[in-house]
Amino acid sequence: MMNALNALALAAAVLVGPTWPATAVAEPYLVMVEQPGCIYCERWDAEIGPAYPKTDEGKFAPLIRADLRQGPPEGITYARRVLFTPTFVLIDNGQEQARIEGYPGEDFFWPLLTKLLEDNTDFATSTGAETVRN
């Protein structure tokens, strides 16, 4: 009976738990630090948000959202305090690798993000294949 209850509790925890895996996973993540009322966060949501998970970059470094005033998500450490929103923090193994401060618009965001990933991870863009973007 106790094993059945433990299995049920584990299943419930998985279903209701966080939407991102524990940081012990080696996969890199992109943390978007935002705050209510941030117009540049809203612009990112409108211009980049829908396409992000469909791109090579978004598949390689899934997005995690974090509120500026609440600090980093559990298990994640920033190299320094985040002061501006949005700030995009590249995380690998729970540690900050690099960041983009601010949102420069969709024409500049993609090249900056690609460069950030190429310089700090083993990310490589697809050759000859176009990624899905707005």
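Residues numbered from 1 in each chain as written. Predicted model: local features only at pLDDT ≥ 70, side-chain atom pairs only at ≥ 80, totals over all residues. Heavy atoms only, no water.

What exactly am I supposed to notice about the pattern of salt bridges here?
Where side chains of opposite charge bring their charged atoms close, a pairing between them can arise. In total, this model carries 7 salt bridges according to the counting rule given. D45 serves as the salt-bridge partner of R65, at 2.7 Å between the closest nitrogen and oxygen. Here the residue R65 occupies a position in strand 2 (residues 63–67), and D45 occupies one in helix 2 (residues 39–47), the gap between them amounting to 20 residues. When its relative accessible area of 39% is taken as the criterion, R65 is described as partly exposed. Of the residues examined, D45 reaches a relative accessible area of 30% and is grouped as partly exposed. The shortest N-O distance in the salt bridge between E101 and R99 comes to 3.5 Å. Look at E101 and you get partly exposed, because its relative accessible area is 40%. Judged by its relative accessible area of 13%, R99 falls in the buried class. Three or more residues joined by partner-sharing salt bridges are found here, namely R80, E96, R99 and E101. (Salt bridge = Lys/Arg side-chain N within 4 Å of Asp/Glu carboxyl O. Helix = DSSP H or I, 4+ residues; strand = E, 2+ residues; numbered from the N terminus. Buried < 20%, exposed > 50% of the residue type's maximum accessible area, 1.4 Å probe, protein only.)

Before we go on, may I ask you to explain helix 2 in this structure?
Along helix 2, the residues classified as buried are C41, W44 and E47. Each buried residue of helix 2 lies within a common arc of 140° when the element is viewed along its axis, so the set occupies one face. Structural note: helix 2 exposes I39 and A46 on the side pointing more than 90 degrees away from its buried face. Its buried side turned inward, helix 2 meets strand 1 (29–34), strand 2, strand 3 (87–92) and helix 4 (106–120). (Arc of directions from axis to C-beta. Contact = heavy atoms within 4.5 Å.)

Please explain the nonpolar core as it appears in this structure.
Generally speaking, nonpolar side chains in soluble globular proteins are found buried as a group. W44, I48, Y52, F88, F109 and L113 are the most contacted members of the largest nonpolar core, which totals 19 residues. Those elements that provide at least two residues to this core are strand 1, helix 2, strand 3, strand 4 (95–101) and helix 4. Looking at this core, the element that brings in the most residues is helix 4, giving 5 residues. Once residues lying within four places of it in the same chain are set aside, the contact partners of F88 are L30, V31, M32, W44, A98, R99, I100, G102 and F109. (Core = buried A, V, L, I, M, F, W, Y, C linked by side-chain atoms within 4.5 Å.)

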